[in-house]
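So you can see what is in the structure, the chains are spelled out below.
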Amino acid sequence: MFILESAAQLEKAIIKAKKTRTQVKFIKFGVYSVKGSNGFYTVKCERGAHGEKMVSCDCKAGQSVKPLVCYHAVSALALHVGLARQRQTA
Ligand SMILES: [Zn+2]
């Protein structure tokens, strides 16, 4: 799990996500299934107690002690942000 603080921390993962163009399945608002090299990973986008944006992915990179921002998380985030925006304007 990592806390999303700035777009800059996502840069590398965004580049990879664009190259990879992976498949993202909508499970429910905030929960997505993203295709990776070894099957599908579950990415959760949540709000913390203080409004922080928390993103978790169950791939190896997302589970390490110092979690990396993986391209699965970024791919799911792109969908999540779009959906969140629609909700706010609906
Ligand atoms: Zn991941």
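The structure presented is a predicted model; accordingly, all values stated were derived computationally and were not measured.

Conventions used here
Residues numbered from 1 in each chain as written. Predicted model: local features only at pLDDT ≥ 70, side-chain atom pairs only at ≥ 80, totals over all residues. Heavy atoms only, no water. Helix = DSSP H or I, 4+ residues; strand = E, 2+ residues; numbered from the N terminus. Rg over C-alpha atoms; globule rule 2.2 N^0.38 Å. Buried < 20%, exposed > 50% of the residue type's maximum accessible area, 1.4 Å probe, protein only. Pairing = 2+ DSSP bridges. Axes fitted to C-alpha atoms, helices over the stretch in contact; angles between N-to-C directions. Contact = heavy atoms within 4.5 Å. Donors = N, O, S within 2.8 Å, 3.2 Å for Na, K, Ca; no water. Tetrahedral: all angles 85-135°; square planar, octahedral: opposite > 155°, others 65-115°. Core = buried A, V, L, I, M, F, W, Y, C linked by side-chain atoms within 4.5 Å.

**Here's the deal with the overall build of the protein chain**
If you tally the helices and strands in the protein chain, you get three helices and five strands. Counting from the amino terminus, helix and strand elements in the protein chain follow one another as β-α-β-β-β-β-α-α. A globule of 90 residues ought to have a C-alpha radius of gyration of about 12 Å, and the protein chain, at 12 Å, matches this closely. By principal-axis analysis of the C-alpha atoms, the protein chain measures approximately 35 × 25 × 20 Å. Sorting the 90 residues of the protein chain into buried and exposed places 36% on the buried side.

**What about the pairing of strand 5 (residues 53–57)?**
Extensive coverage of strand 5 is indicated by the burial of four of its five residues. Here strand 1 (residues 2–4) runs beside strand 5; their pairing, made up of three bridges, is antiparallel. Paired with phenylalanine 2 across the bridge in strand 5 is valine 55. Sheet topology note: the strand 4 (residues 39–47)/strand 5 ladder contains five bridges and is antiparallel. Paired with cysteine 45 across the bridge in strand 5 is valine 55.

**With respect to the environment of asparagine 38**
With respect to the helices and strands, the residue asparagine 38 is situated in the loop between strand 3 (31–36) and strand 4. Linking asparagine 38 and cysteine 59, residues 21 residues apart in sequence, is a C-alpha distance of 9.1 Å.

**So, the sheet that holds strand 5**
The sheet built from five strands is open, its strands ordered 1-5-4-3-2 with antiparallel pairing. A single partner strand is all that each edge strand has here, and the edge strands are strand 1 and strand 2 (24–28). On average, adjacent strands in this sheet sit at an angle of 30° to one another, irrespective of strand direction. Against the sheet, helix 3 (residues 71–89) touches strand 1, strand 2, strand 3, strand 4 and strand 5, its axis set at about 140° to strand 3.

**Considering the coordination of the zinc ion**
Angles at a metal have ideal values that depend on geometry: 109.5 degrees with four tetrahedral donors, 90 or 180 degrees with six octahedral donors. On the protein side, the zinc ion has Cys57 (SG), Cys59 (SG), Cys70 (SG) and His72 (ND1) as donor atoms, found 2.1 to 2.3 Å from it. Considering all four donor atoms around the zinc ion, angles at the metal cover 103 to 115° and the coordination shape is tetrahedral. Between consecutive donors of the zinc ion, the numbers of intervening residues give the motif C-x1-C-x10-C-x1-H. You can see cysteine 57 sitting in strand 5 and its partner cysteine 70 sitting in the loop between helix 2 (60–63) and helix 3, a full 13 residues away along the chain. The class for cysteine 70 is buried, based on a relative accessible area of 7%.

**A closer look at the nonpolar core**
Formed by 19 residues in total, the largest nonpolar core has its most connected members in Leu10, Val43, Cys45, Val55, Cys57, Ala73 and Leu77. Going through the elements one at a time, strand 1, helix 1 (11–20), strand 3, strand 4, strand 5 and helix 3 are the ones with two or more residues in this core. The element contributing the most residues to this core is helix 3, with five residues. Apart from residues lying up to four places away in sequence, leucine 10 is in contact with Phe2, Leu4, Val69, Val74 and Leu77.

These values are about where atoms sit, not about what they do.
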